[in-house]
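# Observations on chain architecture
This is what each chain is made of:
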Amino acid sequence: MEAKELAQEALKLFQKEGNRSMEAFARLCLLNITVKWRGDKMASCQEGLDHGMTARSIFKTSGDKRGEALALHGMAVMHVRAELNGMVLSAFPGGWQAATTESARLFKEAKCFKMYAFAKVCLAQWSLAGPDLGRSRQLAEEALQICQQYKSRQEAAALGVLVTFYLSMKDVSSDFKNNEAQTAIDLAKQGLERFRDRGDRHGEASCLHALVQCFQAKGDRQEAIKHASQAADIYRELEDKAGETAMLQHLSQMHLEEREPEKAFQVAKEVSDMNVSLHDKAIAQETRYNACIAQGDLQQAMELAEDLVLMCSDKGDIRREATARLMVATVHFNAQNFDQAKLVAREAQALMHDEGAWVGVASALQLIGEIYHAKNQYTEALKAAERSAQLLRRKDKDSEEVISLLLVAQIRLSMLSQEKMQKQRGSPSFAAAVADGMQAAEAAVAFANKAKLREQEGYALLLMVQMQHSALQVDESLKTADAAMYVFEELGDRRQQANVMC
């Protein structure tokens, strides 16, 4: 808040003196401050845009092309920020695309070639979220060429954008691993050689980071881990704390995914011991917590979760505090302290509700559904799970939504498997229970398939097999079992293959 107040005082002073040029720069300063503002996103985006528009008008009147370009770039940032938060600003025709294109043109005319290259990189980066992949590739290649032409430090960023383009083809390419992924790896390796020859350690670290993404996308996590370790070492050497922190966070997550919880814990502890933001400390603490859960160390997991609750509470971060409370509830659940787990999960749900964090509410309801399910209270479990799935619908949270859908199917299976229900076999009520269960399982299969979540698709198919088996639908269960086996063979998951055979 102090930075904003000081900038506002400077603005008033320049306005009083009639210094229009410095007023415009003060407005750019205020625009940059609003980018970091964590309050009302719509209000801050509009406020930043207003400052940008006024600054642009002043610079344009005075013929300051560099200043006008800076203002246009700031306005583009506001449009992008608004879009990321599901909002639309209509103050500049054409949105961020037109504003960034115009700012690049003005930077070039003002002979600010490094800023021209930067604007081109931003245009390419932001275009990756759009529907026109061909245009994205063209912009990325153009940005890289311009950066090389003007020897811009943004060359590594431009290369990263081009690599990201090829990796974004994962869902549309029939032979991604052999074509686009390999092209991305080749590009990143070529860039790595160039930067090493120049002695550009920042560029080298950026290319190593790109290779981490490439090998992850290709499914070679060990190569990704190797390159992430090298990048973290370079960032540490350069005293680039932001780069080092980001890479260590990435590295710890990959160790978790590789089922190496001890290594994940140690890497995350490095971050926890650094002087970093609450955001980074919270992520590291969650990683350490997950590593403890994976090793069955519930006592240390509880200590870490409770410590995070206090840390977030002291900083007034209600959403993170609620998330940490869910971590506490999960430990209680794993320890089969179901009543305490439900109590803490409800507290987290209330905090998320008050914050309007509906995805967080859905996560709390998922856990509450699991708690009721474990207590064989299926009606309450189903109510919580279905509400969770409903809240997650169209929230672009596929991995969370599929968990809720799988939970609904699992609860339906448990209801179908009850002894009292099995005794009603052949009755209308039993047929209705089978239909409800199959509908839930089919919904989970369809969603996982569409979202390309193969592991979850396999689990959903396995649930469907069990339902068909309970309903004595032998032929159908064999066909579904074949489909589930195909998925788990593709994933190399022998444990689940064994479950299918059982």
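The structure under discussion appears in the preceding block.
Since the structure is predicted, the reported quantities are computational estimates derived from the model, not experimental observations.

## Let's talk about helix α13 (residues 261-272)
Each α-helix winds once per 3.6 residues, and so residues spaced three or four apart point in a common direction. Compared with the 16 Å implied by 1.5 Å per residue over twelve residues, the 16 Å span of α13 between its first and last C-alpha is a close match. Among all positions of α13, only P261, A264, F265, V267, A268, V271 and S272 are buried. Elements in contact with the buried residues of α13: α12 (241-257), α14 (278-295) and α15 (298-315).

## Topic: helix α16 (residues 318-334)
The end-to-end C-alpha distance of α16 is 24 Å, a good match for the 24 Å that 17 residues give at a rise of 1.5 Å each. Within the span of α16, buried status applies to E321, A322, A324, L326, M327, V328, A329, V331, H332 and F333. On its buried side, α16 packs onto α14, α15, α17 (338-355) and α18 (358-374). A positive backbone phi angle near 65° is found at Q336, which sits one or two residues after α16.

## Quick look at the packing of aromatic side chains
Under the definition given, this model contains seven aromatic pairs. Ring centres of F113 and Y150 lie 4.6 Å apart, and the angle between their planes is 5°; on these two criteria the pair is classed as stacked. Taken as a pair, F113 in helix α6 (residues 113-127) and Y150 in the loop between α7 (133-149) and α8 (155-167) lie far apart in primary sequence, 37 residues in all. Where Y116 meets Y150, the ring centres are 6.1 Å apart and the plane angle is 75°; that geometry is what we call edge-to-face. Taken together, the residues span a long stretch of sequence, with Y116 in helix α6 and Y150 in the loop between α7 and α8 at a distance of 34 residues.

## Observations concerning the pattern of salt bridges
On inspection of all chains with the given rule, the structure shows 31 salt bridges. One salt bridge connects E23 with R20, and the closest N-O pair in it is separated by 3.1 Å. Of this pair, E23 and R20 both sit in helix α2 (residues 20-36), three residues apart, which is roughly one turn of that helix. Residue classification places E23 among the buried positions, given a relative accessible area of 5%. With a closest N to O distance of 3.7 Å, R412 and D436 form a salt bridge. You can see R412 sitting in helix α20 (residues 398-417) and its partner D436 sitting in helix α22 (residues 428-450), a full 24 residues away along the chain. Of the residues examined, D436 reaches a relative accessible area of 31% and is grouped as partly exposed. In the salt-bridge network here, residues are joined through shared partners; they are K65, E102, R105 and E109.

Cut-offs used in this document
- Residues numbered from 1 in each chain as written.
- Predicted model: local features only at pLDDT ≥ 70, side-chain atom pairs only at ≥ 80, totals over all residues.
- Heavy atoms only, no water.
- Helix = DSSP H or I, 4+ residues; strand = E, 2+ residues; numbered from the N terminus.
- Expected span 1.5 Å × (residues − 1).
- Buried < 20%, exposed > 50% of the residue type's maximum accessible area, 1.4 Å probe, protein only.
- Contact = heavy atoms within 4.5 Å.
- Phe/Tyr/Trp six-rings, centres within 6.5 Å; stacked < 30°, edge-to-face > 60°.
- Salt bridge = Lys/Arg side-chain N within 4 Å of Asp/Glu carboxyl O.

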